[in-house]
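# Residue-level structural notes
Here is what each chain is made of, one letter per residue.
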Amino acid sequence: MHQKRNLLFALLGFVILLAGAGTLYNFLSAGRTADNLVGGDTVPAATADPAQQGSDAPADADSAADEDAQSVQAPDFTVYDADGEAVSLSDFAGTPVVLNFWASWCGPCQSEMPDFEQAYQDYGDRVQFLMVNATDGSRETVDTAAAFVQEQGYTFPVYYDTDNDASATYGVYALPTTYFIGADGSAVARASGALDAELLQKGLDMILPAA
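Counting restarts for each chain: residues are numbered from 1 in the order of the written sequence. Only residues with pLDDT of at least 70 get local features here, since the model is predicted, and only at 80 or more are side-chain atom pairs given and counted; chain-wide, interface and lining totals rely on the full set of residues. To get the side-chain values, all heavy atoms of the structure are used, and hydrogens and water are removed first.

## Some thoughts on the overall build of the protein
Short version of the rule: A helix here means a DSSP run of H or I that spans at least four residues, while a strand means a run of E at least two residues long, and both kinds are numbered starting from the N terminus. Relative accessible area decides the class of each residue, using a 1.4 Å probe on protein chains only: under 20% of the type maximum gives buried, over 50% gives exposed, and in between gives partly exposed. Two residues form a contact once any of their heavy atoms are found within 4.5 Å.
For the protein, the helix and strand inventory stands at 6 helices and 8 strands. Along the protein, helices and strands appear, N-terminal first, in the series α-β-α-β-β-β-α-β-α-β-α-β-β-α. Burial analysis of the protein (211 residues in total) assigns 43% to the buried set. A fraction of 75% describes how many contacts in the protein between residues 6 or more apart in sequence connect residues 24 or more apart.

Structure below.
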């Protein structure tokens with residue numbers, strides 16, 4: 001009887017812990033709107049010297065661009081396309097990249113996606129969009145994410161982080177998160193929270209080659 005009661009308490013505690021974790025995650029991701037871009041030297045690159053990492057202080061687009069020389073190389077990762085084929089960030093070397101982490105259940109992710117779709121229509125021939133879905137296999141699956149994209153009619157390239165390689169590599173703990181990566185592979189800027197059209201354009205201007 002005593003053992004059964006202890007087991008019941010343990011299970012109850014585990015349920016409470018899971019609920020608390022879910023609530024915290026929702027708090028971190030829901031209703032969050034990015035109000036600035038942070039210099040890309042804050043990207044958690046495993047190959048970068050921690051002593052040379054920049055501060056996490058917000059920087060406007062102009063100052064972040066001026067500090068491009070201090071940016072670190074965006075670390076490589078592997079995700080999967082709709083056909084299950086492996087795709088790596090390094091496959092797009094020489095092309096500017098917009099790397100966005102999202103999930104179909106994430107409200108802020110949903111709010112920014114029409115702007116990403118428009119940006120893809122405008123710049124898809126010059127910039128590689130990597131819309132990386134946080135595919136954990138439970139709350140988000142390939143099927144639920146693909147169904148959402150099809151239902152909304154989005155045409156930007158979607159990739160699935162089924163191995164959690166991209167999210168772990170970039171230390172993504174809240175969605176959405178966006179990185180702007182230059183053609184030379186440098187992490188120019190990032191934003192945590194939903195981007196509006198204006199801020200998305202600022203990030204694009206930072207990585208687009210001069211006309």
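Text resumes after the structure shown.
## A word on the state of the cysteines
Going by this rule: Note on terminology: disulfide denotes any pair of cysteine sulfur atoms within 2.5 Å.
This structure, assessed with the given rule, holds 1 disulfide. Note on cysteine connectivity: C106 is disulfide-linked to C109, with sulfurs 2.5 Å apart. Taking the sign of the S-S torsion, 80 degrees for the link of C106 and C109, the bridge is right-handed. With respect to class, C106 is no different from C109; both count as buried.

## Points about helix α4 (residues 142-152)
To be explicit about the condition: What the arc measures is the spread of directions leading from the helix axis to the C-beta atoms.
Every buried residue of α4 is listed here: A145, F148 and V149. Each buried residue of α4 sits inside an arc of 95 degrees when the element is viewed along its axis, so together they form one side. Summarising the geometry of α4, the exposed residues directed more than 90 degrees from the buried face are D143, Q150 and E151. Along its buried surface, α4 packs onto β4 (97-102), α3 (107-123), β5 (128-133) and β6 (158-160). Looking one or two residues past α4, G153 carries a phi angle of roughly 80 degrees, positive in sign.

## What about the pairing of strand β7 (residues 177-181)?
This is how the line gets drawn: The rule for pairing is simple: two strands pair if DSSP sees at least two bridges between them.
Of all 5 residues in β7, 5 are buried; the element is thus mostly enclosed. Of the two faces of β7, both are covered, the one formed by T177, Y179 and I181 as well as the one formed by T178 and F180. Here β4 runs beside β7; their pairing, made up of 5 bridges, is antiparallel. Looking at β7, one finds that L99 is bridged to Y179. In this structure, the hairpin formed by β7 and strand β8 (residues 187-192) is closed by a connection of 5 residues, where G185 is found at a positive phi of approximately 90 degrees.

## Observations regarding the side chain of S104
With respect to the element layout, S104 can be found in the loop between β4 and α3. Once residues lying within four places of it in the same chain are set aside, the contact partners of S104 are Q110, N133, E140, T144 and F148.

## Some points on the nonpolar core
Counted only if it meets this: For our purposes a nonpolar core is just a set of buried Ala, Val, Leu, Ile, Met, Phe, Trp, Tyr and Cys residues, chained together by side-chain atoms within 4.5 Å.
Counting 50 residues, the largest nonpolar core has F77, L99, F101, W102, L130, Y170 and L204 as its most contacted members. Elements that contribute at least two residues to this core include exactly β4, α3, β5, α4, β6, β7, β8 and α6 (197-207). Residue contacts for W102: discarding those within four places in its chain leaves C109, M113, M131, V132, N133, A134, E140, A145, F148, V149, V158 and L175.

## A word on α3
For clarity, the threshold we go by: What a helix should span is 1.5 Å times the count of its residues minus one.
Compared with an ideal rise of 1.5 Å per residue, which puts 17 residues at 24 Å, α3 spans 25 Å between its outermost C-alpha atoms and is within 8% of the ideal. Residues P108, C109, E112, M113, F116, E117, A119 and Y123 constitute the buried set of α3.

## Observations regarding the environment of S167
Quick reminder of the rule: Counted as a polar contact is a pair of N or O atoms within 3.5 Å, where, for protein atoms, one must be capable of donating a hydrogen and the other of accepting one, and residues adjacent in sequence contribute only when both atoms are in side chains.
Following the sequence through the fold, S167 ends up in helix α5 (residues 165-169). A relative accessible area of 8% means that S167 is categorised as buried. If we skip the residues at most four places from it in the chain, S167 touches F101, D161 and V172. Polar contacts involving the side chain of S167 include one to the side chain of D161, which spans 2.9 Å.

## Description of the packing of aromatic side chains
The test is simple: The rule is short: rings of Phe, Tyr and Trp, with Trp giving its six-membered ring, pair when the centres are within 6.5 Å, and they are stacked under 30 degrees, edge-to-face over 60, tilted in between. By the criterion adopted, a ring carries a charge over it if an Arg CZ or a Lys NZ lies within 6 Å of its centre and within 35 degrees of its normal.
Scanning the model with the defined rule gives 7 aromatic pairs in all. Taking 5.1 Å as the distance between ring centres and 20 degrees as the angle between the ring planes, the aromatic pair formed by Y154 and F156 counts as stacked. For the pair formed by Y154 and F156, the shared burial category is buried. Site record: aromatic cluster; members linked through ring pairs are F77, F101, Y170 and Y179. When the ring centre of W105 is taken as reference, the NZ or CZ atom of R139 above it lies at 3.7 Å.

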